[in-house]
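# Report on the structure
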Amino acid sequence: MKTPVPGPARPTTMADVAARAGVSTATVSRVLSDSRPVAPSLREAVLDAASELGYQVNLVGRALRKGRTATVGLLVPDLDNPFFSSLAQHLSTAFEGSATDVLIFTAGEDLDVERRGVEFFLGRQVDAVVIIPCDEIGSTDAVLAAAHGTATIQLDRQVVGAGIHFVGCDNEAGMALVAEHVQEHVAMSDQPVVYVGAQAQSSSGHERYQYFSKHFPDRPTFLGEFDFAWGQAAVDLILDQGFTRATIVTAADIIALGVISGLHVRGYRVPDDFRVIGFDGIGVARLSHPTLTTIRQPVEEMGRTVLEIISSTSATPAPRTVRLAPEFVLGESSPLTDPDRGRR
């Protein structure tokens, strides 16, 4: 005779918690949903009973009752770029005390996958979608589809003219900080300025190139991708143009780290031969050798602003554009020096 195989244990119900705590199921519901005030002693008894019994709140049932899922979807272009990983972390941190969970979907820089990510979030009825568009033009359909289905905020990058909330860094102010540093501390006749950026498929790449050109017109520019390998490859292009000394301004820290690596491999010194300046202020920049001079994006404030917009969004919200000021972070890759020192 075969021994019966035990089935799955019956899930603990609110009635079980109520029986253990010696209260009504209505009291258990009020405590666990935090919907109405309950005496401290009763609250403690309910929470202790729920913990002892391993009670799990039925999130689907709660969502059906309340008409909201207490979830926000974050759609990022990729997580290989450490800035997007950092942004995802800070957004999640901003939501920690809000009783709202952040779900993350990565598009892998693929527009079809990006659109599928929007469908994934809308199918799960998230309360809002936060999207960092892959492409300032190609992502239009995905961004508009998200906005048609739920509250939507564009973060860091945007589809310009979409009429949707946007929260990001003030790239114009960031490049102004770069220009101020270069003009005050670099002998440009000795270390002329060149730019290593990204192709204008994202609004952030487009804007940083635009504002660099405003401050440094007619300077050599090299445009590729937002990645480490492109920074390394750009070094060969710069050297091929005859530069043996320069100040290399980059569109992102990940590019700057690739530039520094490429220069070291080819026997050049940073900052003695080449100065390097980044943009983003990601944590890994502190691990570069030398430490990176960069423009730090206000990622903490960006996360808090997204939360504030989602929390205050009405049925017919007016789209907001919020550009937050970055800060200059001094590192050893472009130190403070007297730009006239080399001319004396």
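The sections below set out a description of the structure shown in this document. Every value quoted in this text rests on a predicted model; they were computed, and no experiment measured them.

## Digging into unusual backbone geometry
Cis geometry is adopted by the peptide bond preceding P271, which originates at V270 and carries an omega value of 10°. Position of P271 relative to the elements: it lies in the loop between α11 (253-265) and β9 (274-277). Phi at E109 takes a positive value of approximately 60°, unusual for a residue other than glycine. With respect to the element layout, E109 can be found in the loop between β2 (101-106) and α6 (111-123). Under the relative-accessibility criterion, E109 is labelled partly exposed at 35%.

## Details of the pairing of β9
The side-chain alternation of β9 yields two buried faces, one formed by F274 and V276 and the other by R275 and I277. Inspection of the sheet shows strand β8 (residues 246-250) paired to β9 by 4 bridges, in the parallel sense. Opposite V249, over in β9, you have I277 as the bridge partner. With α11 bridging β8 and its parallel neighbour β9, the resulting β-α-β unit is right-handed.

## Remarks on the packing of aromatic side chains
Applying the stated rule across the entire model yields 8 aromatic pairs. Ring geometry for F83 against F84: centres 6.0 Å apart, planes inclined by 55°, an arrangement best described as tilted. Summarising the aromatic geometry, the rings of F120 and F121 are spaced 5.4 Å apart at their centres and angled 65° between planes, so their arrangement reads as edge-to-face. On the basis of relative accessible area, F120 is assigned to the partly exposed category, the value being 29%. Counting every residue linked through ring pairs, the aromatic cluster contains Y195, Y209, F212 and F216.

Conventions used here
Residues numbered from 1 in each chain as written. Predicted model: local features only at pLDDT ≥ 70, side-chain atom pairs only at ≥ 80, totals over all residues. Heavy atoms only, no water. Helix = DSSP H or I, 4+ residues; strand = E, 2+ residues; numbered from the N terminus. Buried < 20%, exposed > 50% of the residue type's maximum accessible area, 1.4 Å probe, protein only. Pairing = 2+ DSSP bridges. Right-handed = clockwise from strand over helix to strand, strands pointing away. Phe/Tyr/Trp six-rings, centres within 6.5 Å; stacked < 30°, edge-to-face > 60°.

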